[in-house]
Amino acid sequence: MANDFEEQAQEQLKSSLWLAVGKMVDEETLRRNRNVTPQFIGALTDMVWAQIENVALDLENFSRHAGRTTINTDDVLLLARRNQDLHAIIRDFVDKQKAAKAKGKSKR
């Protein structure tokens, strides 16, 4: 029963991803005056899904290795460590969020 629910949830997520990828591709094709096939959108969606699965596993493993059961920003930063630009963007975002949170606590 739980397996059926998980499979149904996974199919709903894949469908939502397909729609989101399709929308982005449609916007780009209109902007660039190009055409793509539904097969291209399907293949791109499959590739994105596989990447999402890999990222999820990596994040879970980083968290587990640190002895935690919850993924946090340290895990995301570790995942982005090989892409310096992405790492800098994420680090800047995290620092701003922490500063805003600290500022909100100090007003109380």
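Residues numbered from 1 in each chain as written. Predicted model: local features only at pLDDT ≥ 70, side-chain atom pairs only at ≥ 80, totals over all residues. Heavy atoms only, no water.

A.B. asks: Explain the nonpolar core here, please?
C.D. replies: In summary, soluble globular proteins display a tendency toward joint burial of nonpolar side chains. Counting residues in each nonpolar core, the largest one holds five residues, listed as Leu17, Val21, Val25, Ile41 and Trp49. Mapped onto this core, the elements with two or more residues apiece are α1 (2-32) and α2 (38-65). Among residues more than four places away in sequence, those in contact with Val25 are Val36, Phe40, Ile41 and Leu44. (Core = buried A, V, L, I, M, F, W, Y, C linked by side-chain atoms within 4.5 Å. Buried < 20%, exposed > 50% of the residue type's maximum accessible area, 1.4 Å probe, protein only. Helix = DSSP H or I, 4+ residues; strand = E, 2+ residues; numbered from the N terminus. Contact = heavy atoms within 4.5 Å.)

A.B. asks: What should I look at first to understand the environment of Val36 in this one?
C.D. replies: Turning to its location among the elements, Val36 is positioned in the loop between α1 and α2. Residue Val36 is classed as partly exposed on the basis of its relative accessible area, which comes to 32%. For the pair Val36 and Val25, spaced 11 residues apart in sequence, the C-alpha separation works out to 8.2 Å. Once you skip the residues sitting within four places of it in the chain, Val36 turns out to touch Val25, Thr29 and Ile41.

A.B. asks: For this particular structure, what's the right way to read the pattern of salt bridges?
C.D. replies: A pair can form between side chains of opposite charge whenever their charged atoms are brought close. Within this structure, the stated rule accounts for five salt bridges. Residue Arg68 pairs with Asp75 through a salt bridge whose shortest N-O separation is 2.8 Å. Linking Lys96 and Asp92 is a salt bridge whose minimum nitrogen-to-oxygen distance equals 3.3 Å. One end of the pair is Lys96 and the other is Asp92, both in helix α4 (residues 84-106) and four residues apart, which spans about a single turn. Its relative accessible area of 54% is what places Lys96 among the exposed residues. (Salt bridge = Lys/Arg side-chain N within 4 Å of Asp/Glu carboxyl O.)

A.B. asks: Help me understand the side chain of Ser63 in this model?
C.D. replies: Here Ser63 lies in helix α2. Ser63 gets classed as buried once you look at its relative accessible area, which sits at 2%. Not counting residues up to four positions away in its chain, the partners in contact with Ser63 are Arg68, Thr69, Thr70, Ile71 and Asp75.

A.B. asks: Is there a simple way to explain α2 in this structure?
C.D. replies: At 3.6 residues per turn, the α-helix brings residues three or four places apart onto the same side. Relative to the 40 Å expected for 28 residues at 1.5 Å per residue, α2 spans 40 Å between its end C-alpha atoms, a close match to the ideal helical length. Considered for burial, the residues of α2 that qualify are Ile41, Gly42, Thr45, Trp49, Leu59, Phe62 and Ser63. One or two positions beyond α2, positive phi appears at Gly67, with a value near 80 degrees. (Expected span 1.5 Å × (residues − 1).)

A.B. asks: It is not clear to me how unusual backbone geometry should be interpreted in this structure. Could you clarify?
C.D. replies: Trans is the prevailing form of peptide bonds, just as negative phi is the prevailing case for residues other than glycine. In this structure, Asn33 is a non-glycine residue whose phi angle is positive, near 55 degrees. Residue position: Asn33 is located in the loop between α1 and α2. On the basis of relative accessible area, Asn33 is assigned to the exposed category, the value being 68%.

A.B. asks: Where do I start with a negative patch on the surface in this structure?
C.D. replies: Residues Asp4, Glu6, Glu7 and Glu11 make up a contiguous surface patch of negative charge. Counting through the fold element by element, Asp4 comes out in helix α1. Note on Asp4: relative accessible area 52%, which makes it exposed. (Patch = residues over 30% accessible without salt bridge, like charges linked within 9 Å, V, L, I, M, F, W, Y side chains within 5 Å. Areas by Shrake-Rupley, 256 points an atom, 1.4 Å probe, with all protein chains shown as cover. Lys, Arg positive; Asp, Glu negative; His and termini not counted. Charge placed at Lys NZ, Arg CZ, Asp CG, Glu CD.)

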